[in-house]
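Topology and contacts: notes
So the chains spell out like this:
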Amino acid sequence: MDDPRWQDRVRDEEWHLQLTTREGWQQFAEDEPADFILLGDREWKELSDADRDAYDEARIDVHARLIVVATSAVRRIVTAGRRLTLLNRHAISARRGLIVSGAAGTGKTTSITQLGKTIHLLDRNRHPGQHHRIPVVYVTVPPAATARMLAVEFARFLALPVIGKQNITDVTEAVCGVLLDARTSLVIVDEIHNLNLATRLGAEVSDQLKYFSERIPATFCYSGINVRREGLFAGTRGQQIAGRFSLIPTLRFPHDDEWTAVIATLEDALRLHHHTPGTLVDLDHYLHQRTKGMIGSLSHLIRGAAIEAILDGSEKITKLTLDQIDLDLAAEDDDMGEE
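Reference entry: report on the structure contained in this document. (Residues numbered from 1 in each chain as written. Predicted model: local features only at pLDDT ≥ 70, side-chain atom pairs only at ≥ 80, totals over all residues. Heavy atoms only, no water.)

Attention shifts here to the environment of I168. With respect to the element layout, I168 can be found in helix α8 (residues 168-181). According to the relative accessible area criterion, I168 is partly exposed, its value standing at 27%. C-alpha separation for the pair I168 and A151, spaced 17 residues apart in sequence, amounts to 7.0 Å. When sequence neighbours within four positions are dropped, the list of residues in contact with I168 reads A147, R148, A151 and Q208. (Helix = DSSP H or I, 4+ residues; strand = E, 2+ residues; numbered from the N terminus. Buried < 20%, exposed > 50% of the residue type's maximum accessible area, 1.4 Å probe, protein only. Contact = heavy atoms within 4.5 Å.)

As structure tokens, then:
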């Protein structure tokens, strides 16, 4: 049986291209999977073994990529980022930027990638068919980064060749030239906590970012773990960053109505045959206690339990299923603090 209701959902390995390449970012930003419709009980039971395997694999794929919930933090960051891109549109210098900071698992990368996706799609809609445009660039700061390493990360996103010991000036000029021609309006720099301004190399990386921001007429968005505590605003360079960037924290959720609404949204996205709607909402206190209110841990826990329910044939999530899913240390350790 070749049923497009689920056959098209089984993606090949190319879908998992990295966000830090232009092709990977474009695929992420423009991917809009259709809703997965569960088969009726009779149809489901009559599937052949091969078709059942394909059907289950497609559902596993759905749960592995469960929806992004538009939390208040995501909405705030997307709104602030869009506003800055508009304010910076005609700025000649001293363009304003955005920093997203918080503990691991509080939704930083999800928020900034949703901002990037929004800007990407808005640009595509305004300029249809202009495929030379690169509205958004997404890079990460490597550990123990040097200024040249950062410039190479930009070049890698753009698939620009970097030959041997090619000096940083040549790499930087090539990157700036492409991004100017491509009308880039948003540059996202993740893992900014890898930048240590107290070291010479960290200071040079900071200077390199500042140079990029002066040459490229785009809004810069940084994201990292507890950046204030990591010293991003220390010293003269830190003061320059603080004077140009606003900071939005991502925090653990309190046990409130929004927490329950997030659980309900994730539960509604489940594609399991025997799951009783409302089960997870009724476990909201347990889920908050288990995940310490961290959205990343909650998503991991529910997605993992859903996949387990398919693999073990139960087709439902219970507290017992959730108890069997291992969580990250940050969710299990009360000493893992945040800003």
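Before going further, it helps to spend a moment on the packing of helix α7 (residues 147-157) against α8. For the pair α7 and α8, interaxial distance at closest approach is 9 Å and the crossing angle is 35 degrees. Crossing handedness for the pair α7 and α8: left-handed. Facing A147, R148, A151, V152, F154 and A155 of α7, the residues of α8 in contact are I168, V171, T172, V175 and L179. (Axes fitted to C-alpha atoms, helices over the stretch in contact; angles between N-to-C directions. Left-handed = near helix turned anticlockwise from the far one by under 90°.)

Next up on the list: the nonpolar core. Ranked by size, the top nonpolar core spans 51 residues in total, and within it F154 and I192 carry the most contacts. The contacts of I192, once residues within four sequence positions are left out, are V141, L209, Y222, S223, G224, V227 and L232. Counting 27 residues, the second largest nonpolar core, distinct from the first, contains Y286, L287, I317 and L322. (Core = buried A, V, L, I, M, F, W, Y, C linked by side-chain atoms within 4.5 Å.)

Our next topic: the pattern of salt bridges. The tally for this structure, following the rule as stated, stands at 12 salt bridges. R271 is the salt-bridge partner of D35, the closest N and O atoms lying 2.8 Å from each other. Residue D35 is found in the loop between α2 (22-30) and α3 (41-45), and its partner R271 is found in the loop between α11 (257-268) and α12 (279-282); the two are separated by 236 residues along the sequence. Judged by its relative accessible area of 54%, D35 is exposed. According to the relative accessible area criterion, R271 is buried, its value standing at 14%. Of the charged contacts in the structure, one is a salt bridge between K319 and D323, with a shortest N-O distance of 3.4 Å. Here the residue K319 and the residue D323 both occupy positions in helix α15 (residues 319-323), the gap between them amounting to four residues, near one helical turn. According to the relative accessible area criterion, D323 is partly exposed, its value standing at 39%. One connected set of salt bridges, linked through shared partners, spans D56, R59 and E315. (Salt bridge = Lys/Arg side-chain N within 4 Å of Asp/Glu carboxyl O.)

This next bit is on the pairing of strand β2 (residues 136-140). Remark: a regular strand shows side chains that alternate across the two faces of the sheet. Along β2, four of the five residues are buried, which leaves the element largely enclosed by surrounding structure. Bridge count between β2 and strand β3 (residues 186-190): five bridges; the pairing is parallel. By the bridge assignment for β3, V137 is matched with V187. (Pairing = 2+ DSSP bridges.)

As a further point, take unusual backbone geometry. For A144, which is not glycine, the phi dihedral falls at a positive 50 degrees. Along the chain, the position of A144 falls in the loop between β2 and α7. Its relative accessible area of 65% is what places A144 among the exposed residues. Although it is not a glycine, N226 adopts a positive phi angle of roughly 45 degrees.

Turning to the packing of aromatic side chains, a few remarks are in order. The full count for this structure, using the stated rule, is six aromatic pairs. With 5.9 Å between their ring centres and 10 degrees between their planes, W25 and Y138 make a pair best called stacked. Taken together, the positions of W25 in helix α2 and Y138 in strand β2 put the pair 113 residues apart, joining distant regions of the chain. Given a relative accessible area of 1%, W25 falls into the buried group. Judged by relative accessible area, Y138 falls into the buried class, the value being 5%. A centroid spacing of 5.9 Å and a plane angle of 50 degrees characterise the contact between F253 and W259, whose relative ring orientation is tilted. Residue F253 is classed as buried on the basis of its relative accessible area of 10%. Judged by relative accessible area, W259 falls into the buried class, the value being 0%. (Phe/Tyr/Trp six-rings, centres within 6.5 Å; stacked < 30°, edge-to-face > 60°.)

In this section: the sheet that holds β2. One open sheet holds the five strands; their spatial order is β2-β3-β4-β1-β5, and the pairing between them is parallel. The sheet is open, and its two edges are formed by β2 and β5 (245-250), each paired on a single side. With strand direction ignored, the average angle separating the axes of adjacent strands in the sheet is 15 degrees. With respect to the sheet, helix α5 (residues 72-87) is in contact with β1 (97-102), β4 (219-225) and β5, its orientation differing from that of β5 by roughly 165 degrees.

Structurally, H132 is set in the loop between α6 (108-126) and β2. Taking the C-alpha atoms as reference points, H132 and R228, separated by 96 residues in sequence, lie 37 Å from one another. In contact with H132, not counting residues within four places along its chain, are R22, D181 and A182.

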